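Listed below are the residues making up each chain.
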Amino acid sequence: MKPNVDGNLDGVAIPDVATASDLASSSGWWRVLQKVVVFLPAMFLFILAIQLMKAGASAIGPTIEGQFPFANGVSTLGTGWLGAYFVLSGSPVAATTISLFGAGALTKLQTLTMLSGSRLGASFIVLLTGILFTVRAKGKRKQESIGMGIQALTMTALVYLPGMALAYLMLRGGLMDGVQWHASTELEAVLARIWGPFVDFAKDHLPGGLLFLAGLGTILLSFKLLDRVLPQIDGERAEYQHHWIKKRWVMFGLGCLVATLTLSVSVALTVLVPLAFKGYLKRDEALPYIMGANITTLADTLVVAMLQRTPVAAQIVLAEAIGVAVISVLVLAFAYRPVSGGVMRLQDWLLTENKRLAGFVGVIFLVPISLLLTGLFFRA
């Protein structure tokens, strides 16, 4: 047989052969589709976990209402702090705080401090997740995984303590009196429509306390799915390094957005652990993200507050959000380098020796316990 003018053999049909680039492109899109398919249920489980924890908090709330340690503003700060440790999330504790205020069990100051305490303790899950990651990796990338938890706890304290003081001044000065918000129940209706049946099933089969454990298990499962979504560092690190992610204001806005969508700073910040562990995110690049997430995490608490009979509940939450936002913006604009440098040095010092890390964990428990115990000695 002789080749024809087109270069093909006469009488022989030569099939089209896909080029290597076509196959690579097809394979790339297939991997992206697989990751999206896994990512969606992972995020669904994240939010479901928060709803389960909220249900558990609501179930046990009446048994503690009006009792110790709600004696003064200092003890309620410790209560909210330790409560967030216990449930591994600040959202259910914050919702419980607003519910207690709506029932008249807490004063404005006690509500503000307990709400702040719930935010201070919410980042503990990031540290716990980092420790679990390090144990699973047999001590590898300890600086990145555990360090992210230290950063989350430290940065939250740096913005929330002065933000709480600013919020108190705003409330005391009457700057929030004009806020008379009685929001609709649209957001709660959406959550109830999508996640309500799952939460109701858990409530029918589990006592209130075990709902917390169900939420924890759901978070761990969703985290495992999210870990599968992330590509491997060795082969894809170079393709992932986008210049924009290094910009502090972009990361700040991203933190605000993610915490708004997930309705939980615990969810928003826990995502940082696998990113840091795999090397996609440098430690200092996460600080603005943490600050942004700590502001908009109050979104779901604000919804709970607007459902109360008194508009004062919404005033307290809004004052807290404004106070933290003002402090965060000031830090980013005028003191970011010294603050981030100090946080990084503290993190490096703590992770140099295991006993220092153990001491840090001990301190973050002893401080809220001491605050809580003040309720045994005086009332205000």
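Position numbers for residues count from 1 along each chain, tracking the sequence in the order it is written. Owing to the predicted nature of the model, reporting of local features is limited to residues with pLDDT of at least 70; listing and counting of side-chain atom pairs is limited to 80 or more, with chain, interface and lining totals taken over all residues. The side-chain quantities take in all heavy atoms of the structure and omit both hydrogens and water.

(A) Broad picture of the overall build of the chain. Each helix is a run of H or I in the DSSP string that is no shorter than four residues. Each strand is a run of E no shorter than two, and both are numbered from the N terminus. Each helix and strand in the chain was counted, giving 18 helices and 0 strands. Under the scheme applied here, a residue whose accessible area is under 20% of the maximum for its type counts as buried, over 50% as exposed, and between as partly exposed, the area being computed with a 1.4 Å probe on protein chains only. Counting across all 380 residues of the chain, residues that qualify as buried make up 51%. Contacts are assigned to residue pairs with any non-hydrogen atoms lying within 4.5 Å of each other. The long-range share in the chain, meaning contacts at least 24 apart out of those at least 6 apart in sequence, stands at 84%.

(B) Seen up close, the pattern of salt bridges. Every case where a carboxyl oxygen of Asp or Glu lies within 4 Å of a side-chain nitrogen of Lys or Arg is listed as a salt bridge. Counting across every chain of the model gives 2 salt bridges. The shortest N-O distance in the salt bridge between Glu 353 and Lys 355 comes to 3.7 Å. We classify Glu 353 as partly exposed; its relative accessible area is 31%. Overall, Lys 355 belongs to the exposed group, its relative accessible area being 64%. Among the charged side chains, a network of salt bridges with common partners joins Glu 353, Lys 355 and Arg 356.

(C) Representation of the packing of aromatic side chains. Under the pairing criterion, centres of Phe, Tyr and Trp rings, with the six-membered ring standing for Trp, must be within 6.5 Å; the plane angle then separates stacked pairs below 30 degrees from edge-to-face pairs above 60, leaving the rest tilted. This structure, assessed with the given rule, holds 5 aromatic pairs. Measuring from ring centre to ring centre gives 4.8 Å for Tyr 85 and Phe 124, while their planes differ by 45°; the resulting arrangement is tilted. A residue pair is termed long-range when its members are at least 10 positions apart, and Tyr 85 in helix α2 (residues 73-87) and Phe 124 in helix α5 (residues 124-136) qualify at 39 residues. In terms of burial, Tyr 85 and Phe 124 fall into one category: buried. Seen in terms of ring centroids, Tyr 85 and Phe 365 are 4.8 Å apart; in terms of plane orientation they differ by 50°. Their pairing is tilted. Within this pair, whereas Tyr 85 is found in helix α2, its partner Phe 365 is found in helix α18 (residues 354-373), the two being separated by 280 residues in sequence. Residue Tyr 85 is classed as buried on the basis of its relative accessible area, which comes to 6%. Clustering of aromatic rings is evident, with ring pairs tying together Tyr 85, Phe 124 and Phe 365.

(D) Summary view of the packing of α2 against helix α4 (residues 108-122). Axes, fitted as lines to C-alpha atoms, cover a helix only where it is in contact. Angles between the N-to-C directions of the axes lie from 0 to 180 degrees. Contact pair α2 / α4: the axes reach a minimum separation of 6 Å and the direction vectors enclose 30°. Here α2 lies roughly parallel to α4, going by the angle between them. The crossing of α2 and α4 is right-handed. Of the residues in α4, those in contact with Gly 73, Thr 76, Leu 77, Thr 79, Gly 80, Trp 81, Ala 84 and Tyr 85 of α2 are Leu 109, Gln 110, Thr 113, Met 114, Ser 116, Gly 117, Ser 118, Leu 120, Gly 121 and Ala 122. Under the convention adopted here, Pro, Cys and the residues Ala, Val, Leu, Ile, Met, Phe, Trp and Tyr are nonpolar, Asp, Glu, Lys and Arg are charged, and Gly plus all remaining residues are polar. For the contact of α2 with α4, the class distribution of residues is 8 nonpolar, 10 polar and no charged. Throughout this description, any angle smaller than 35 degrees is read as roughly parallel, any larger than 145 degrees as roughly antiparallel, any in the 65 to 115 degree range as roughly perpendicular, and the remainder as oblique. Two helices crossing with the near one rotated counterclockwise from the far one by less than a right angle form a left-handed crossing, whereas a clockwise rotation gives a right-handed crossing.

(E) Highlighting the side chain of Ser 328. Here Ser 328 shows up in helix α16 (residues 312-334). Once residues lying within four places of it in the same chain are set aside, the contact partners of Ser 328 are Val 159, Phe 252, Met 291 and Ile 295.

(F) Region of the structure containing the nonpolar core. Throughout, nonpolar core names a set of buried Ala, Val, Leu, Ile, Met, Phe, Trp, Tyr and Cys residues whose side chains join them through atoms within 4.5 Å. Of all hydrophobic cores here, the largest spans 62 residues; its most connected members are Leu 127 and Ile 150. Here the element with the most residues in this core is helix α6 (residues 142-172); it accounts for 12 residues. With residues near it in sequence (within four places) discarded, Ile 150 still touches Leu 127, Gln 347, Leu 350, Leu 351, Leu 357 and Phe 360. Counting residues in each nonpolar core, the second largest holds 11 residues, with Leu 48, Leu 52, Ala 55 and Ala 202 among its members.

(G) Structural context of a nonpolar patch on the surface. Nonpolar side chains collect at one region of the surface, where Val 74, Ile 369, Leu 373, Leu 376, Phe 377 and Phe 378 lie side by side and expose about 570 Å² of accessible area between them. In this structure, Leu 373 sits in helix α18. Any residue with relative accessible area above 30% and no salt bridge may belong to a patch, with like charges joined within 9 Å and the nonpolar Val, Leu, Ile, Met, Phe, Trp and Tyr side chains within 5 Å. Accessible surface is estimated by sampling points in the Shrake-Rupley manner with a 1.4 Å probe; for residues, cover comes only from the protein chains shown.

(H) Looking closely at the confidence of the model for the chain. A residue's pLDDT is simply how confident the predictor is in it, with values from 0 to 100. Of the residues in the chain, 65% have a pLDDT of 70 or more, and the chain-wide mean is 75. Scored below 50 in pLDDT, residues 230-241 shows 22 contacts in the model against residues more than four places distant or in partner chains.

(I) Focus on the environment of Leu 371. Following the sequence through the fold, Leu 371 ends up in helix α18. A C-alpha to C-alpha distance of 9.9 Å links Leu 371 and Asn 72, two positions 299 residues apart in sequence. Apart from the residues within four sequence positions on either side, Leu 371 is in contact with Val 74, Ser 75, Leu 77, Gly 78 and Trp 81.

(J) Quick peek at helix α3 (residues 91-102). Helix span is expected to be 1.5 Å times the residue number reduced by one. Spanning 12 residues, α3 covers 16 Å between terminal C-alpha atoms, matching the ideal 16 Å at 1.5 Å per step. Counting buried residues in α3 gives 10 out of 12 residues, a clear majority hidden from the surface. If you check which residues of α3 are buried, you get Ser 91, Pro 92, Val 93, Ala 94, Ala 95, Thr 96, Thr 97, Ile 98, Leu 100 and Phe 101. Of the residues flanking the end of α3, it is Gly 104, one or two places downstream, whose phi is positive at about 85°.

(K) View of the environment of Leu 161. By the element assignment, Leu 161 lies in helix α6. With relative accessibility at 40%, the residue Leu 161 sits in the partly exposed group.

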